[in-house]
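Take a look at the letters that make up each chain.
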Amino acid sequence: MAKALIFTLWVISLKGSTEGVLITQWPEYTFSHQGSSVDMHCFQNDTDYDYLYWYKQLQGKEPVLIARYVAEPATFEKGFENGFKVRATKDKKEWSLTVDVKEDSDAVYLCAASLHTVYSGYQAYFGDGTKLTVIDPEKKITSPTVRIIKPADKELCTKKKVTLVCEATNFYPDHVKVSWKINNETKPDTHGVATDKDPTEGEDGMYSITSRLSISYKKWIKGETYTCFVIFTKPDGDKTIDEEINAMNEVTGPTYIDGEEKAEKYKAGGNATMLGYGMFIIKSVLYGLVVLFIIRRRRRISKYYSKAEFGQGTKLTVLEPNMTITGPTLRILPPSPKELCKSKDVTLVCLADGFYPDHITIHWKMNGKELKKRIATDHNALQNPETKFYSISSRLKVKKTDWEDNKNNFTCTVDFYNGTAYNSYKKTIKRQKALLPMQILNVVRFGYSVFLSKSVIYALFVAALVWKCKPFPIKEKLLLREP
């Protein structure tokens, strides 16, 4: 059974003709009401195969074997013993299936023939199938309404491919065929045509189907006529042959005038220019990215190979002849008066001089606690070219309030290496207590300033008075000349 289904699925798509084997099946559609029966037939055109089959295929399902006929009577599969009859001519060229129509009889029925049984691995050849529809007495037989939807604006803007959609709606039953014509010439289904495999049933029990025709934009603007044909097979109980009704709709594409064609050519040229410019920009960007990648890669490689952990270093000094190893002399300079008057921070300077060689380090402490911040020490000691001795300075920045606190002391420690060991030299400074309190000194200064200002004002007043009382000699002479 499994082998038969595998071969069935492979051959069913070949539309009744495989490697020269042609199986003709009719009718394509058949209709009936419940309680009646329908017949369908198959014919071997060029073969005389002895193994004959009938299958039932529900929509979206795999075909299921109904019966096989090798000789009278036919052998029916389980579940199909009742309601089906199979017969064949003596030469087995033609065989038929009669179906007693029930509610669940809606399906496509397929005939097949094979040289030997399909259970032995032989290939089966199928007909095109007969679609049986059980007519619902409560539904009215209705022909489809057909319309064509023109290409969307978005497709027209791309000017590459456009799609026409043929929509057939509101028909019952679902026995329709859709085809396209361009200027009354039939368009093959294999060239740009895509039609729904089966109609879709709506909530109202009516069916609809769509078909899409894809063409080039250039073809669409040539003003050609596009026609969608829908062939609807209408069942008629009073006739032996069902009636076919043609429903159609057509649209005509736009036609470009010469000026528009020229405009399109100019636009195409502009697009080509823009494309070239875009390629140039992309090339430049890619080149920049490549260069950036190379630079970053080199940095990573350089970083990878140059990464190392270093020690503090060993300084080698070649002693000059006739020079004696001498330790430093220390002194600490207090903050300048200018800093004390204007700044919130003050600077202590530690000077170390008169030492040789220059193997020296400087540290600061406040009240015995090591200080790490706000210290600036000369990077290298300076050598006097005449004496050959070295000197170096270090500056400590402290808050003015800390300096003015007499309880605080500041120590400069110099570690000097004499060639065998380190010797430490220290110097400590603290602010000395003033002979008079600072407030008293400020009052005295203010009083002295007032006294000086008063003296200056008094002197100016006396000078003004003397100048005003000065005699005028010219008038005096004039008085002496009067008789």
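Here the structure is a predicted model, which is why all the values come from computation and not from measurement. (Residues numbered from 1 in each chain as written. Predicted model: local features only at pLDDT ≥ 70, side-chain atom pairs only at ≥ 80, totals over all residues. Heavy atoms only, no water.)

Draft legend 1. Examining the state of the cysteines more closely. Across all of its chains, the model carries three disulfides by this definition. The disulfide partner of Cys42 is Cys111, and the S-S distance across this bridge is 1.7 Å. Of note, the bridge from Cys42 to Cys111 carries an S-S torsion of about -90 degrees and is left-handed in sense. Of this pair, Cys42 sits in strand 4 (residues 37–44) while Cys111 sits in strand 10 (residues 107–114), and the two are 69 residues apart along the sequence. Look at Cys42 and you get buried, because its relative accessible area is 0%. In the protein, the bonded cysteines, taken in the order they occur along the sequence, pair up as 1-2, 3-4, 5-6. (Disulfide = S-S within 2.5 Å. Helix = DSSP H or I, 4+ residues; strand = E, 2+ residues; numbered from the N terminus. Buried < 20%, exposed > 50% of the residue type's maximum accessible area, 1.4 Å probe, protein only.)

Draft legend 2. Quick peek at the sheet that holds strand 24 (residues 360–366). Pairing is antiparallel in the open sheet, where four strands are placed in the order 25-24-29-30. Of all strands in the sheet, those with a lone pairing partner are strand 25 (369–371) and strand 30 (422–429), marking the two edges. This sheet shows a mean twist of 30 degrees between the axes of neighbouring strands, independent of strand direction. (Pairing = 2+ DSSP bridges. Axes fitted to C-alpha atoms, helices over the stretch in contact; angles between N-to-C directions.)

Draft legend 3. Structural detail: a nonpolar patch on the surface. A cluster of nonpolar side chains, Leu275, Tyr277, Met279, Phe280, Ile281, Ile282, Val285, Leu286, Leu289 and Leu292, forms an exposed patch at the surface whose accessible area comes to about 1,000 Å². Position of Leu289 relative to the elements: it lies in helix 4 (residues 258–306). (Patch = residues over 30% accessible without salt bridge, like charges linked within 9 Å, V, L, I, M, F, W, Y side chains within 5 Å. Areas by Shrake-Rupley, 256 points an atom, 1.4 Å probe, with all protein chains shown as cover. Salt bridge = Lys/Arg side-chain N within 4 Å of Asp/Glu carboxyl O.)

Draft legend 4. Looking closely at the pairing of strand 22 (residues 329–333). Burial along strand 22 is one-sided: Leu330 and Ile332 are buried, and none of Thr329, Arg331 and Leu333, which face the opposite way, are. Of the pairings in the sheet, the one linking strand 22 to strand 23 (residues 345–355) comprises five bridges and is antiparallel in character. Note that in strand 23 the partner of Leu333 across the bridge is Val349.

Draft legend 5. Focus on the pattern of salt bridges. Inspection of every chain in the model, using the stated rule, returns 11 salt bridges. Measuring nitrogen to oxygen at the nearest pair gives 2.7 Å for the salt bridge that ties Glu77 to Arg68. Residue Glu167 is joined to Arg147 by a salt bridge in which the shortest nitrogen-to-oxygen separation is 2.7 Å. Of this pair, Glu167 sits in strand 14 (residues 161–171) while Arg147 sits in strand 13 (residues 145–149), and the two are 20 residues apart along the sequence.

Fair warning: the whole summary comes from geometry, so function is off the table for now.
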